[in-house]
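The primary structure of each chain is shown beneath.
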Amino acid sequence: MTTPRLQVLWYVPNIIGYIRLGLLLAAWLTFDIPLFLVPFYTLSIILDGIDGWAARKLHQVSKFGAWLDVVVDCIGRSLLWCCLYKWGFFIACLEWLVFVCTHNIGPAWRSASAPWWVEAVMAKGFKTAPGVFAIAGLHVLPLWLYGHETGVQLYAWHLPQVVHYSGIVLLAAGRLLCVPVELWFVWNHIQALISEKDPSS
């Protein structure tokens, strides 16, 4: 019988998170087959929006769920960045570093006092023009670049080149908008660490 403390593992939004992990595993196993990877990865992104809605609707919001959601996001993006490009390793490292720096203090990272340019991106839960632009770059750019490298947009979807390359430019700009925000959180975490009093002193 599941103990009350472990029941959180079986919350509906967390089960969705496990399904997303399975989809990402399937995407990795079929990396060289766009016909499979694109639907697997896209469904994982769609479920990323559904799990948060389910958590609020079913009153199953939990710290574990919030942690799992971001972990699955990072795993998915790392999969694409690292498999697509050698230099993608550095983007994946930055994203995991930010994860460590923000979630080390729990949900309070979202309410941390920040410069105006950080708050402009994060305001209203990223539901502003800069926030949506940044999140689109963060989540969609790796998949769009996968389509670029495998010819999905140009040869399967028959998108005009101007649309295809405009998508790359706009999504890359959104991803670049994330970088100073990410670096600010890393620096903020470092400052917090070095300002702590050493208990051995």
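Being a predicted model, the structure only gives us computed values, none of them experimental.

Caption draft 1: Inspection of the overall build of the protein chain at higher detail. Along the protein chain, the regular secondary structure elements total 8 helices and 0 strands. Taken over the C-alpha trace, the protein chain has a radius of gyration of 18 Å; the compact-globule value for 201 residues is 17 Å, and the two agree within 12%. With the C-alpha coordinates of the protein chain rotated into their principal frame, the extents come out at 60 × 45 × 30 Å. Buried positions account for 41% of the 201 residues belonging to the protein chain. When contacts within the protein chain are restricted to residue pairs at least 6 apart in sequence, those whose partners lie at least 24 apart make up 69%. Entry remark: accessible area of the protein chain is about 12000 Å², with carbon and sulfur atoms responsible for 72%.

Caption draft 2: Structural context of the nonpolar core. Counting residues in each nonpolar core, the largest one holds 21 residues, and the members touching the most others are L37, L80, L84, L145 and Y146. Per element, the largest residue contribution to this core is 6 residues, and it comes from helix α3 (residues 63-84). Look past the residues within four positions of L37 in its chain and what remains in contact with it is A27, T30, F31, L80, L143 and Y146. Counting residues in hydrophobic clusters, the runner-up holds 11 residues, among them A114, V118, C178 and F185.

Caption draft 3: Unusual backbone geometry, seen in detail. The residue H59 is not glycine, and still its phi comes out positive at about 55°. By the element assignment, H59 lies in the loop between α2 (34-57) and α3. At F126, a position not held by glycine, the phi torsion is positive, near 70°. Tracing the backbone through its elements, the reader meets F126 in helix α5 (residues 116-126). Take F126: its relative accessible area is 18%, and that puts it in the buried class.

Caption draft 4: Highlighting the state of the cysteines. Counted under the stated rule, the structure contains 0 disulfides. With no disulfide of its own, C82 lies 6.9 Å from the sulfur of C83, the closest cysteine sulfur. Taking relative accessible area as the criterion, C82 reaches 41% and is therefore assigned partly exposed. C83 gets classed as partly exposed once you look at its relative accessible area, which sits at 36%.

Caption draft 5: Focus on the pattern of salt bridges. Within this structure, the stated rule accounts for 7 salt bridges. Close ionic contact of R20 with D69 constitutes a salt bridge, the shortest N to O distance being 3.3 Å. Here D69 lies in helix α3 and R20 lies in helix α1 (residues 12-29), a separation of 49 residues in the sequence. Assessed through its relative accessible area of 22%, D69 is described here as partly exposed. For E95, the salt bridge goes to R77, with nearest N and O atoms at 2.7 Å. Remark: R77 occurs in helix α3 and E95 occurs in helix α4 (residues 88-103); sequence separation between them is 18 residues.

Reading guide: rules and limits
- Residues numbered from 1 in each chain as written.
- Predicted model: local features only at pLDDT ≥ 70, side-chain atom pairs only at ≥ 80, totals over all residues.
- Heavy atoms only, no water.
- Helix = DSSP H or I, 4+ residues; strand = E, 2+ residues; numbered from the N terminus.
- Rg over C-alpha atoms; globule rule 2.2 N^0.38 Å.
- Buried < 20%, exposed > 50% of the residue type's maximum accessible area, 1.4 Å probe, protein only.
- Contact = heavy atoms within 4.5 Å.
- Areas by Shrake-Rupley, 256 points an atom, 1.4 Å probe, with all protein chains shown as cover.
- Core = buried A, V, L, I, M, F, W, Y, C linked by side-chain atoms within 4.5 Å.
- Disulfide = S-S within 2.5 Å.
- Salt bridge = Lys/Arg side-chain N within 4 Å of Asp/Glu carboxyl O.

As far as function goes, none of this settles anything; it's purely spatial.
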